[in-house]
Amino acid sequence: MITPAFSGAKPLTELVVGASLFFPPIFKAVLLGFFFWLLIHPLVRGWIYSGDVWHPTLFDLSLFVLCVTAALWLIGHG
């Protein structure tokens, strides 16, 4: 008996449903976190680039990660 390669569920439908379930919260958090970072970064730019606290690039990256984390928390707790 010969069976078609794609029997049963349609793989494209599963891909679209899977993408809508898993990816948008992460993308929304990154976009919202970037917006938060754009608001906060000019306020602390002098402190970041003075080098008194930490390496400026690491400090900037950690600030961005904190903004994305806060955005993901806001999305999750609405």
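Going by what an unreviewed UniProt entry lists, the chain is known as DUF1656 domain-containing protein and is assigned to Candidatus Pantoea gossypiicola.

Visitor: Before we go on, may I ask you to explain helix H2 (residues 56–77) in this structure?
Guide: Spacing of three or four residues puts side chains on the same side of an α-helix, whose turn is 3.6 residues. Between its first and last C-alpha, H2 extends 31 Å over 22 residues, near the 32 Å set by a 1.5 Å rise per residue. Two residues or fewer past H2, Gly78 is found with a positive phi of approximately 30°.

Visitor: What am I meant to see in a nonpolar patch on the surface here?
Guide: Taken together, the side chains of Ile26, Phe27, Val30 and Leu72 present a nonpolar region at the surface, about 350 Å² in accessible area. Considering each element in turn, the nonpolar patch owes the most residues, 3 residues, to helix H1 (residues 11–50). As for its position among the elements, Val30 is in helix H1. The class of Val30 is partly exposed, set by a relative accessible area of 34%.

Visitor: Where do I start with the packing of aromatic side chains in this structure?
Guide: The geometry of an aromatic ring pair comes down to the distance between the two centres and the angle between the two planes. Applying the stated criterion across every chain, the model contains 3 aromatic pairs. Seen from their ring centres, Phe34 and Trp37 are 5.8 Å apart, and the 20° between their planes marks the pair as stacked. Remark: Trp37 and Phe34 occur in helix H1; sequence separation between them is 3 residues, near one turn of the helix. Overall, Phe34 belongs to the partly exposed group, its relative accessible area being 39%.

Visitor: Looking at this model, I keep getting lost on the nonpolar core. Mind explaining?
Guide: The nonpolar side chains of a soluble globular protein tend to be buried, and buried together. Trp37, Ile48, Phe59, Leu63 and Cys67 form the largest nonpolar core, which has 5 residues in total. At the level of secondary structure, the elements contributing two or more residues to this core comprise H1 and H2. Looking at this core, the element that brings in the most residues is H2, giving 3 residues. Not counting chain neighbours up to four residues away, the residues in contact with Phe59 comprise Trp47, Ile48, Val53 and Trp54.

Criteria and cut-off values
- Residues numbered from 1 in each chain as written.
- Predicted model: local features only at pLDDT ≥ 70, side-chain atom pairs only at ≥ 80, totals over all residues.
- Heavy atoms only, no water.
- Helix = DSSP H or I, 4+ residues; strand = E, 2+ residues; numbered from the N terminus.
- Expected span 1.5 Å × (residues − 1).
- Patch = residues over 30% accessible without salt bridge, like charges linked within 9 Å, V, L, I, M, F, W, Y side chains within 5 Å.
- Areas by Shrake-Rupley, 256 points an atom, 1.4 Å probe, with all protein chains shown as cover.
- Salt bridge = Lys/Arg side-chain N within 4 Å of Asp/Glu carboxyl O.
- Buried < 20%, exposed > 50% of the residue type's maximum accessible area, 1.4 Å probe, protein only.
- Phe/Tyr/Trp six-rings, centres within 6.5 Å; stacked < 30°, edge-to-face > 60°.
- Core = buried A, V, L, I, M, F, W, Y, C linked by side-chain atoms within 4.5 Å.
- Contact = heavy atoms within 4.5 Å.

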